[in-house]
Amino acid sequence: MTRILLVEDDLLLSEGISYALRKESYLVDCADSIEKAWECLNKGPSLVLLDVNLPDGDGREFLKRLRSANKVPVVFLTARDSEKDMLEGFDAGCDDYITKPFPISVLSRKIGLLLKGVAYLDKSLYYQGDFVYDYAKKELTIQNVPVKLTATELRLLEYFLKNRGQVLTREQILENVWDSYENFVDERTLNVNVRRLREKIEKDPKNPRYIVTMFGIGYKWKEA
């Protein structure tokens, strides 16, 4: 099923749109702020419906930042209907601009046309706030700054991201990150690599935000 991210702080409007789209067999994730929208992007939506005026910022600035790493189709849904507003929306990178109020049938038709025209859906990126990892390019950026990782650190990071939110034992990590022929690898090696990875990705490695120690068990990648 196709997943759509709806970023709208008007609760009644959000419920109405999401109900209509779900009836058409779309999966819909709703966010009422930019902060929540970044979290929902981790689910890999095929299309984003975005309001301009949000409680924690401007949807156009959010889109400009999104466009630096993602080509997902974005449709602005907004009451701002002047020519200047529309041009600013397209300059920010939107694929379509719909002014409120609008018929759901028109929105549905535009969504369908946009999805048919997408050559590919960019699902190879992981987002968590300012943390962006490109699986295809093996590139990590934090606050738009590239972070250089070793081959082992990359494998370790990808294993954490693949199993984010799950408690991973030290044995599981060793078996999946290191080749089975490397019999010399032990828990000390794992601890050293986790520490080095933390030093590169954590703002405060001693109080990690991402890689959390599960004492006596192993580690867990913590979602925001």
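Cut-offs and rules
- Residues numbered from 1 in each chain as written.
- Predicted model: local features only at pLDDT ≥ 70, side-chain atom pairs only at ≥ 80, totals over all residues.
- Heavy atoms only, no water.
- Pairing = 2+ DSSP bridges.
- Helix = DSSP H or I, 4+ residues; strand = E, 2+ residues; numbered from the N terminus.
- Phe/Tyr/Trp six-rings, centres within 6.5 Å; stacked < 30°, edge-to-face > 60°.
- Buried < 20%, exposed > 50% of the residue type's maximum accessible area, 1.4 Å probe, protein only.
- Lys NZ or Arg CZ within 6 Å of the ring centre and 35° of its normal.
- Core = buried A, V, L, I, M, F, W, Y, C linked by side-chain atoms within 4.5 Å.
- Contact = heavy atoms within 4.5 Å.
- Axes fitted to C-alpha atoms, helices over the stretch in contact; angles between N-to-C directions.
- Expected span 1.5 Å × (residues − 1).
- Arc of directions from axis to C-beta.
- Polar contact = N/O pair within 3.5 Å; in protein donor to acceptor, adjacent residues only side chain to side chain.
- Salt bridge = Lys/Arg side-chain N within 4 Å of Asp/Glu carboxyl O.

1. Some details on the pairing of strand 13 (residues 211-214)
Stage number 1. Sheet analysis places strand 13 next to strand 14 (residues 218-221), joined by four bridges and oriented antiparallel. Its bridge partner lying in strand 14, Val212 is registered against Lys220.
Stage number 2. Count of turn residues in the strand 13/strand 14 antiparallel hairpin: three residues, of which Gly216 carries a positive phi of about 80°.

2. Topic: the packing of aromatic side chains
Stage number 1. As enumerated under the stated definition, the model contains eight aromatic pairs in all.
Stage number 2. Centroid distance Phe131 to Tyr210: 5.0 Å. Interplanar angle 55°. Geometry classified as tilted. Of the two residues, Phe131 is situated in strand 9 (residues 131-134) and Tyr210 in the loop between helix 8 (187-201) and strand 13; the sequence distance between them amounts to 79 residues. As far as the burial class goes, Phe131 and Tyr210 line up, both buried.
Stage number 3. An aromatic cluster of at least three residues, connected via ring pairs, comprises Phe76, Phe90 and Tyr97.
Stage number 4. Above the plane of the ring of Tyr219 lies Arg170, whose end atom (NZ or CZ) is 5.7 Å from the centre.

3. Focus on unusual backbone geometry
Stage number 1. A cis amide bond links Lys100 to the next residue, Pro101, at an omega of -5°.
Stage number 2. With a phi close to 75°, Ser25 is a non-glycine residue in the positive phi region.
Stage number 3. The topology assignment puts Ser25 in the loop between helix 1 (11-23) and strand 2 (27-31).
Stage number 4. Residue Ser25 is classed as partly exposed on the basis of its relative accessible area of 45%.
Stage number 5. Despite not being glycine, Lys138 shows a phi value in the positive range, around 55°.
Stage number 6. Tracing the chain through its elements places Lys138 in the loop between strand 9 and strand 10 (139-142).

4. A closer look at the nonpolar core
Stage number 1. Residues Phe131, Ile173 and Trp221 are the most contacted members of the largest nonpolar core, which totals 26 residues.
Stage number 2. Those elements that place two or more of their residues in this core are strand 9, strand 10, helix 6 (151-162), helix 7 (170-177), helix 8 and strand 14.
Stage number 3. By residue number, the principal contributor to this core is helix 6, which donates six residues.
Stage number 4. Beyond its immediate chain neighbours, meaning those up to four positions away, Phe131 contacts Tyr126, Leu140, Thr141, Ile142, Leu157, Ile201, Tyr210 and Trp221.

5. Quick word on the sheet that holds strand 12 (residues 167-169)
Stage number 1. On the basis of which strands lie adjacent, the open sheet formed by three strands has the order 12-14-13 and antiparallel pairing. Among the strands making up the open sheet, the edge pair consists of strand 12 and strand 13. Neighbour-to-neighbour, the strand axes of this sheet turn through a mean angle of 35°, independent of strand direction.
Stage number 2. The strands touched by helix 7 are strand 12 and strand 14; relative to strand 12, the strand with the most contacts, the crossing angle is about 75°.
Stage number 3. Sheet strands in contact with helix 8 are strand 13 and strand 14, and its direction is about 145° off that of strand 13.

6. Description of helix 1
Stage number 1. The end-to-end C-alpha separation of helix 1 is 18 Å, in line with the 18 Å expected for 13 residues at 1.5 Å each.
Stage number 2. The set of residues buried in helix 1 consists of Ser14, Ile17, Ser18, Ala20 and Leu21. For helix 1, the angular spread of buried residues about the axis comes to 160°, placing them on one side. Opposite the packed face of helix 1, turned more than 90 degrees from it, sit the exposed residues Leu11, Leu12, Tyr19 and Lys23.
Stage number 3. Its side-chain oxygen placed 3.2 Å from the backbone nitrogen of Leu12, Asp10 serves as the N-cap of helix 1.
Stage number 4. At the C-terminal side of helix 1, Ser25 shows a positive phi close to 75°.

7. Some thoughts on the pattern of salt bridges
Stage number 1. As enumerated under the stated definition, the model contains 16 salt bridges in all.
Stage number 2. For Arg80, the salt bridge goes to Asp85, with nearest N and O atoms at 3.5 Å.
Stage number 3. Look at Asp85 and you get buried, because its relative accessible area is 13%.
Stage number 4. Through salt bridges with shared partners, one network takes in Asp58, Arg60, Arg80, Lys84, Asp85 and Glu88.

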